[in-house]
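Residues per chain, in single letters:
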Amino acid sequence: MQTFMIDWHNRERYSHLVEEQHRLRNEVFVKRLGWDVPSHDGLESDAYDTPRTTYAVTVGDTGRICAVSRLLPTTEPYMTRDLWPSWSSERLPCSPWGWEASRFGCCASLTRSERSEAIEQLFGTIYRFSRSRAVDYLMMVMPMFIFERNIKRLGYDVTYLGGTRKIDGLLSRRLARVQIGEPRAMSPEAPALMTRCG
């Protein structure tokens, strides 16, 4: 398996993978989970799929899309702050060092071992990408079992920022901060960023 990080600079080159990740998201979130989210022609996308979005797409040896996730800097509008601000027990970030990871999904036809490999490959590549961008932490809203069985097992430090909630009455989910790098002190530009984010 191989994971591709696709942003504005290489999106034209990997446009087929961008389309396929929207297709897998439709399979996972619209068809399988029944979420009431925008979907058109079998592709799921929303207001947070922007030129600033980075997609993580894990591809199997046969070319099949196995797992996906979406990353967005918290200096941009992001889903957690816009839709679920009350979920957090602390002020939600607006920082170049904090990104939101959302729309995590895996192909339903994967075997258990393939799913584990895909998740490990996906998060390993996200980790290396984040370190290369000086990202210190990721904000995530996910089912508890993914944090406990997958992310913590891979060695990530997970801090829960509130209680469990439900989206569309489905699996209980929780907001967490997943540490990537060492926590850093507030920089001189941080107050200006906080003002910009409101």
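Quantities reported herein were computed from a predicted structural model and do not represent experimental measurements.

Brief notes about the packing of aromatic side chains
Here is step 1 of the chain: The final tally for this structure, using the stated rule, is 7 aromatic pairs.
Here is step 2 of the chain: Residues Trp 99 and Phe 129 carry aromatic rings whose centres are separated by 5.7 Å and whose planes lie at 75° to one another, so their mutual orientation is edge-to-face. One end of the pair, Trp 99, is in strand S6 (residues 98–106); the other, Phe 129, is in helix H3 (residues 112–132), with 30 residues separating them in the sequence. Of the two residues, Trp 99 and Phe 129, neither departs from the other in class, the shared state being buried.
Here is step 3 of the chain: Taking the ring centre of Phe 29 as reference, the NZ or CZ of Arg 103 above it sits at 5.3 Å.
Here is step 4 of the chain: The positively charged end of Arg 174 is found above the aromatic ring belonging to Tyr 160, 4.3 Å away from the centroid.

Section: the nonpolar core
Soluble globular proteins: nonpolar side chains tend toward being buried together.
Here is step 1 of the chain: Formed by 44 residues in total, the largest nonpolar core has its most connected members in Leu 71, Leu 138, Met 140 and Ile 151.
Here is step 2 of the chain: In contact with Met 140, not counting residues within four places along its chain, are Ala 101, Phe 123, Phe 147, Ile 151, Arg 174, Leu 175, Ala 176 and Val 178.
Here is step 3 of the chain: By size, the runner-up hydrophobic cluster in this structure holds 12 residues, among which are Leu 72, Tyr 137, Val 141 and Leu 175.

Some points on H3
Here is step 1 of the chain: Here H3 is 21 residues long and its end C-alpha atoms lie 30 Å apart, about the 30 Å a rise of 1.5 Å per residue gives.
Here is step 2 of the chain: Taken together, the buried positions of H3 are occupied by Ala 118, Ile 119, Leu 122, Phe 123, Gly 124, Thr 125, Ile 126, Phe 129 and Ser 130.
Here is step 3 of the chain: Contacts made by the buried residues of H3 are with strand S1 (2–6), strand S4 (54–59), strand S5 (65–73), S6, strand S7 (137–143) and helix H4 (144–151).
Here is step 4 of the chain: One or two steps after H3, the chain reaches Ala 134, where phi turns positive at roughly 60°.

Some points on the environment of Val 28
Here is step 1 of the chain: Along the chain, Val 28 falls in helix H1 (residues 15–32).
Here is step 2 of the chain: Sequence spacing of Val 28 and Cys 106 is 78 residues, and the spatial spacing of their C-alpha atoms is 7.5 Å.
Here is step 3 of the chain: Look past the residues within four positions of Val 28 in its chain and what remains in contact with it is Leu 33, Gly 105 and Cys 106.

Details of the pairing of S1
Here is step 1 of the chain: Of all 5 residues in S1, 4 are buried, a share of seventy percent or more.
Here is step 2 of the chain: Inspection of the sheet shows S1 paired to S4 by 5 bridges, in the antiparallel sense. Within the sheet, the bridge partner assigned to Phe 4 lies in S4 and is Val 57.

Some remarks on the state of the cysteines
Here is step 1 of the chain: Following the criterion strictly, the structure yields 0 disulfides and no others.
Here is step 2 of the chain: Cys 106 forms no disulfide, and the closest cysteine sulfur to it belongs to Cys 66, at a distance of 8.2 Å.
Here is step 3 of the chain: Judged by its relative accessible area of 3%, Cys 106 falls in the buried class.
Here is step 4 of the chain: In this structure Cys 107 is a free cysteine whose sulfur lies 6.7 Å from that of Cys 66, the closest cysteine sulfur available.
Here is step 5 of the chain: What makes Cys 107 buried here is its relative accessible area of 14%.

What counts and how
Residues numbered from 1 in each chain as written. Predicted model: local features only at pLDDT ≥ 70, side-chain atom pairs only at ≥ 80, totals over all residues. Heavy atoms only, no water. Phe/Tyr/Trp six-rings, centres within 6.5 Å; stacked < 30°, edge-to-face > 60°. Helix = DSSP H or I, 4+ residues; strand = E, 2+ residues; numbered from the N terminus. Buried < 20%, exposed > 50% of the residue type's maximum accessible area, 1.4 Å probe, protein only. Lys NZ or Arg CZ within 6 Å of the ring centre and 35° of its normal. Core = buried A, V, L, I, M, F, W, Y, C linked by side-chain atoms within 4.5 Å. Contact = heavy atoms within 4.5 Å. Expected span 1.5 Å × (residues − 1). Pairing = 2+ DSSP bridges. Disulfide = S-S within 2.5 Å.

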